Amino acid sequence: MSEMKTEILSADADGLERAAGFVAEGRLVAFPTETVYGLGADATSDKAVAEVFAAKGRPSFNPLIVHVPDLVAAARIAAFTPLAERAAAAFWPGPLTLVLPLSPDAGISALVTAGLGSIALRVPDHGLAARLLAAFGGPVAAPSANPSGRISPTTADHVAQGLDGKIAAILDGGPTSVGLESSILDLTGTPPRLLREGGVPVEALERVLGPIQQGATTDAHPKAPGQLASHYAPAAAVRLDVMGKTDGEVLLGFGDVPEADLNLSARGDLTEAAANLFGHLHRLDAMARPIAVSPVPDHGLGRAINDRLRRAAAPRAAG
Ligand code: TXA
Ligand code: MG
């Protein structure tokens, strides 16, 4: 793919118009959501979606999440059961992706779903994302706006570090608020199955939807290929559940850890920790030293944080 000039667009009417124009032309625009920045493409265009895989260097068997402005738009693309409607009513807009049966006449590029009969849909809870979706007027396929296998971007600067010269534009909406990708819930079977921990804790999902199956997918047969073990890998080695750092390491703390180089949340707040996670990993990675990480409690958003930390620490996948 040849290098192009990547425009940085500001969060105003001009920036939005230009961003929507690029998407309509089949070009790629990174935009903020409440979770992480997405790399947006017209979900009905095979060519635009193919460009997403090229820009990310992503294995093409990975299906993409499609972003829509509301439930009405979602229902034009996928079949909603009463349970799916209840999930949407409770958690949209917000950091929950629903995997649902794809309506065959929806006009979605087969590359988006990797030929599966299902589709992953979400309604982002972010003003700028909502305005971009409205201005473009169609479904937008958007994986996280990072090169494949790298840490997800929570600022426009992170996006530029990974994708400058490979995409048409970056719509700069400042840092994202949640900081973790959406939770992915598969509603094509019974009971619902959690494919990826994320911005909505499983406890909150179960309160609304009843029992949810978890953890039955494997790296050998990833139902959500974003679950590949080393998906969120910094370049440096990562050591988890560390009480004190050794010589040469930098320490990512959680809670009262005075020797931490960076702290996810000195007051032990999991929401704050989630928002800081990828930004802190980016900054520690830039120090080119092994990264030690304090223990993080494994409940609520802590489960998604620990999931991403385990992936950051996992041996790298080949290639
Ligand atoms: O928070 C997020 O979800 C961000 C922002 C930009 O919205 N997006 C994101 O997309 O994380 P991505 O492409 O990095 O992750 C998409 C995940 C992948 O693990 C993919 O395999 C899974 O969603 N997925 C997509 N369609 C699917 C389907 N039909 N069945 C199962 N998993 C699916
Ligand atoms: Mg990703």
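Read on for a plain summary of the structure. Please read all numbers here as calculations on a predicted model, not as lab measurements.

What about the sheet that holds strand S12 (residues 238-239)?
- Spatially, S12-S15-S13-S14 is the arrangement adopted by the 4 strands of the open sheet, whose pairing is parallel. Of all the strands in the sheet, just S12 and strand S14 (262-263) have a single pairing partner and so form its edges.
- Relative to strand S15 (residues 291-293), strand S13 (residues 250-253) is paired through 3 bridges, and the arrangement is parallel. Looking at S15, one finds that Leu252 is bridged to Val293.

So, the pattern of salt bridges
- Scanning all chains against the criterion turns up 11 salt bridges.
- Here Lys47 ties to Glu51 by a salt bridge, and the two come within 3.7 Å at their closest N and O atoms. Placement of the pair is Lys47 and Glu51 together in helix H2 (residues 46-56), with a separation of 4 residues, close to one helical turn.
- Looking at Glu51, the relative accessible area reads 25%, which means it is partly exposed.

Re the environment of Val242
- Inspection of the secondary structure puts Val242 in the loop between S12 and S13.
- Under the relative-accessibility criterion, Val242 is labelled buried at 4%.
- Through-space distance from the C-alpha of Val242 to that of Val293 is 5.6 Å; in sequence the pair is 51 residues apart.
- Here Val242 is in contact with Ala292, Val293, Ser294 and Pro295, once residues within four sequence places are set aside.

The rules behind each value
- Each chain carries its own residue numbering, running from 1 in the direction its sequence is written.
- Whichever chain is written first is A, and whichever ligand is written first is 1; the rest continue in order.
- Given that the model is predicted, a residue must reach a pLDDT of at least 70 before its local features are reported, and side-chain atom pairs must reach 80 or more before they are shown or counted; all residues, however, enter totals for whole chains, interfaces and linings.
- Values shown for side chains rest on all heavy atoms present in the structure; no hydrogens or waters enter the calculation.
- Strand pairing is assigned whenever DSSP identifies at least 2 bridges connecting the two strands.
- Each helix is a run of DSSP H or I of at least 4 residues and each strand a run of E of at least 2, with the numbering of both proceeding from the N terminus.
- We count a salt bridge whenever a side-chain nitrogen from Lys or Arg sits within 4 Å of a carboxyl oxygen from Asp or Glu.
- Throughout this description, buried means an accessible area under 20% of the type-specific maximum (1.4 Å probe, protein chains only), exposed means over 50%, and partly exposed covers the range between.
- Contacts were defined at the residue level, with two residues in contact if any of their heavy atoms lie within 4.5 Å.

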